[in-house]
Amino acid sequence: MRKFLGYILSPIAIIAFMVVLVIFQPLQWLAYKLFGYSAHKKVVDLLNLCLFSTVYLVGNTVTFTNKQNLPAGRPIIFMANHQSLLDIPPLIYYLRKYHAKFISKIELTRGIPSISYNLKVGGGANIDRNDPRQSLMEIGKLGTRMKEKRWSAVIFPEGTRSKTGKVKPFQAGGIAIILKKCPDALIVPIAIDGSWEMIKYGLYPLNTFTKMTWQVLEPIEPGFGTVEEIVKEAENRIKIALNQ
């Protein structure tokens, strides 16, 4: 029944999603060109609120829980498991006060309304996976910006999305580079659950009446241990939160 309803409701949600992207493209451009980073960021925050709100059109829900007293003005590395592209809009919106930036494929900086423009000017790292040297340099530059501007970053250490929700082994490479440039960054795990179910049939039909949750877990200080130990601890905490 849920899949059947997806065939009916998915076009509405998909069209709404695309309309949001198109509307916010010129708004982003105007905000950035006329008023700079702060105005542009506010537009991007609103963009992502509108983007993830479209899932309610297929009966899905988004619940973001943050009971941690995270410090303001300190760089943070948010480490999350990765289940779908929908993981990103709630992270941008609900972590907006921390200026959370992403590491993205450079291909995404071209041809996608709103998203491509934000990736170009938003301050994240756009990496070419076929050019390891460029990738390392871009991630290093992100770490430097985090230190200088007190920004944060969101990293998906699995590398690729989990199609079943099962957490894959975390990789420490990108986190190690950022910590080298920004050694006082706080590490904060985030457990994402349910977003894979929305696209279990692909982008069409979207699954319906799916409960999706984002849970911010207890922070880990960089002095906890080696980078590998920190990453493993974050992975274990996320698995526990997801009952895996």
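The structure this text deals with has already been given above.
Conventions adopted
Residues numbered from 1 in each chain as written. Predicted model: local features only at pLDDT ≥ 70, side-chain atom pairs only at ≥ 80, totals over all residues. Heavy atoms only, no water. Helix = DSSP H or I, 4+ residues; strand = E, 2+ residues; numbered from the N terminus. Rg over C-alpha atoms; globule rule 2.2 N^0.38 Å. Buried < 20%, exposed > 50% of the residue type's maximum accessible area, 1.4 Å probe, protein only. Axes fitted to C-alpha atoms, helices over the stretch in contact; angles between N-to-C directions. Parallel < 35°, antiparallel > 145°, perpendicular 65-115°, else oblique. Contact = heavy atoms within 4.5 Å. Nonpolar A, V, L, I, M, F, W, Y, C, P; charged D, E, K, R; others polar. Salt bridge = Lys/Arg side-chain N within 4 Å of Asp/Glu carboxyl O. Pairing = 2+ DSSP bridges.

Asker: I would appreciate a short explanation of the overall build of the chain in the present structure.
Answerer: Per the secondary structure count, the chain includes 8 helices and 7 strands. Its C-alpha atoms give the chain a radius of gyration of 18 Å, within 12% of the compact-globule value 18 Å for 244 residues. Overall size of the chain, expressed as C-alpha extent along the three principal axes, is 50 × 50 × 40 Å. Burial statistics for the chain: of 244 residues in total, 48% are counted as buried.

Asker: Teacher, can you tell me more about the packing of helix H1 (residues 2–35) against helix H2 (residues 37–53) here?
Answerer: Describing two packed helices takes the angle between their axes plus the distance from one axis to the other. For the pair H1 and H2, interaxial distance at closest approach is 8 Å and the crossing angle is 170°. Judged on the interaxial angle alone, H2 and H1 are roughly antiparallel. In contact with Phe 17, Val 20, Leu 21, Phe 24, Leu 27, Gln 28, Ala 31, Tyr 32 and Phe 35 of H1, H2 contributes Tyr 37, Ala 39, His 40, Val 43, Val 44, Leu 46, Leu 47, Cys 50 and Leu 51. A per-class count over the contact of H1 with H2 returns 16 nonpolar, 2 polar and no charged.

Asker: Would you take a moment to explain the pattern of salt bridges for this structure?
Answerer: Where charged atoms of side chains with opposite charge meet at close range, the side chains can pair. Taken as a whole and judged by the stated rule, the model has 7 salt bridges. Between Lys 41 and Asp 45 there is a salt bridge, with the nearest N and O atoms lying 2.9 Å from each other. Highlighted residues: Lys 41 and Asp 45, both in helix H2, separated by 4 residues, approximately one helical turn. An identical accessibility class is assigned to Lys 41 and Asp 45; each is buried. For Lys 141, the salt bridge goes to Glu 138, with nearest N and O atoms at 3.6 Å. Here the residue Lys 141 and the residue Glu 138 both occupy positions in helix H5 (residues 132–149), the gap between them amounting to 3 residues, near one helical turn. Residue Glu 138 is classed as buried on the basis of its relative accessible area of 18%. When salt bridges that share partners are traced, they join Lys 232, Glu 235 and Lys 239 into one network.

Asker: What am I meant to see in the environment of Ala 185 here?
Answerer: Mapped onto the elements, Ala 185 comes out in the loop between helix H6 (173–181) and strand E6 (186–193). A residue is classified by how much of its surface remains accessible, and Ala 185, at 0% relative accessible area, is buried. Once residues lying within four places of it in the same chain are set aside, the contact partners of Ala 185 are Arg 74, Pro 75, Ile 77, Leu 179 and Pro 222.

Asker: How do you make sense of the sheet that holds strand E2 (residues 76–80) when you look at a structure like this?
Answerer: To summarise the sheet geometry, strands pair through backbone hydrogen bonds and adopt either a parallel or an antiparallel arrangement. What the 7 strands build is an open sheet, ordered E1-E7-E6-E2-E5-E3-E4; its pairing is mixed. Only two strands of the sheet have a single neighbouring strand rather than two, namely strand E1 (61–66) and strand E4 (125–127). Within the sheet, the average angular offset between the axes of one strand and its neighbour, ignoring direction, is 20°. Of the pairings in the sheet, the one linking strand E3 (residues 100–105) to E4 comprises 3 bridges and is parallel in character. Bridging across to E4, Ser 104 finds its partner in Asn 126.

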